[in-house]
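Chain by chain, the residues run as shown.
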Amino acid sequence: LDPWSAAGVFLDGVPDTTIESVAPRLTLQKNSRLGIGALLIADGGHHVDLMFSDPVHDTPAFSEARRIEASYIQDWIDQFWAESEVRA
């Protein structure tokens, strides 16, 4: 369903990569050395996880992907402010 997925960040086979199922039909690939990750949502379309939530139609995978993404974004914000305070 995602024509862009072939050009995406797939880490399978890259050293230091872990792959785990985090919800039904949702896989998280993380690379500790590169500091990147990818959420793979089975049957998900391009950026469906970035659209508004829809309690009627969202699958558990979409909801969990949004929760994980919000957690990553909060971590980046916290890291930014922690590094800004050190420099100030």
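Residues numbered from 1 in each chain as written. Predicted model: local features only at pLDDT ≥ 70, side-chain atom pairs only at ≥ 80, totals over all residues. Heavy atoms only, no water.

(A) Highlighting the overall build of the protein chain. Assigned secondary structure in the protein chain consists of one helix and three strands. Secondary structure elements in the protein chain, listed N-terminal to C-terminal, are β-β-β-α. Across the protein chain, the fraction of contacts at a sequence separation of at least 24, relative to all contacts at a separation of at least 6, is 31%. Roughly 6600 Å² of accessible area belongs to the protein chain as shown, and the carbon and sulfur atoms make up 61% of that amount. (Helix = DSSP H or I, 4+ residues; strand = E, 2+ residues; numbered from the N terminus. Contact = heavy atoms within 4.5 Å. Areas by Shrake-Rupley, 256 points an atom, 1.4 Å probe, with all protein chains shown as cover.)

(B) Broad picture of the sheet that holds strand β2 (residues 26-31). Sheet architecture is open: three strands sit in the order β1-β2-β3, paired in antiparallel fashion. Strands with a single pairing partner mark the edges of an open sheet, and in this sheet they are β1 (17-23) and β3 (36-41). Neighbouring strand axes in the sheet, compared pairwise and without regard to direction, differ in orientation by 20° on average. (Pairing = 2+ DSSP bridges. Axes fitted to C-alpha atoms, helices over the stretch in contact; angles between N-to-C directions.)

(C) Representation of the packing of aromatic side chains within the structure. If you walk through the whole model with that rule in mind, you get two aromatic pairs. Centre to centre, the rings of F80 and W81 are 4.9 Å apart; their planes meet at 75°, and the pair counts as edge-to-face. Residue class for F80 comes out partly exposed when judged on its relative accessible area of 48%. (Phe/Tyr/Trp six-rings, centres within 6.5 Å; stacked < 30°, edge-to-face > 60°. Buried < 20%, exposed > 50% of the residue type's maximum accessible area, 1.4 Å probe, protein only.)

(D) Just the nonpolar core, in detail. Membership of the largest hydrophobic core is limited to seven residues, which are A23, L26, I41, A61, F62, A65 and I68. Counting residues per element, this core draws most heavily on helix α1 (residues 60-87), at four residues. What L26 contacts, discounting residues up to four positions off in sequence, is E20, S21, L39, L40, I41, A61, E64, A65 and I68. (Core = buried A, V, L, I, M, F, W, Y, C linked by side-chain atoms within 4.5 Å.)

(E) Looking closely at the environment of R25. Mapped onto the secondary structure, R25 falls in the loop between β1 and β2. Spatially, the C-alpha atom of R25 lies 8.4 Å from that of P60, the residues being 35 residues apart in sequence. Leaving out residues up to four positions away in the same chain, R25 has contacts with L40, I41, A42, D43 and A61. Of the polar contacts made by the side chain of R25, one reaches the side chain of D43; its length is 2.3 Å. (Polar contact = N/O pair within 3.5 Å; in protein donor to acceptor, adjacent residues only side chain to side chain.)

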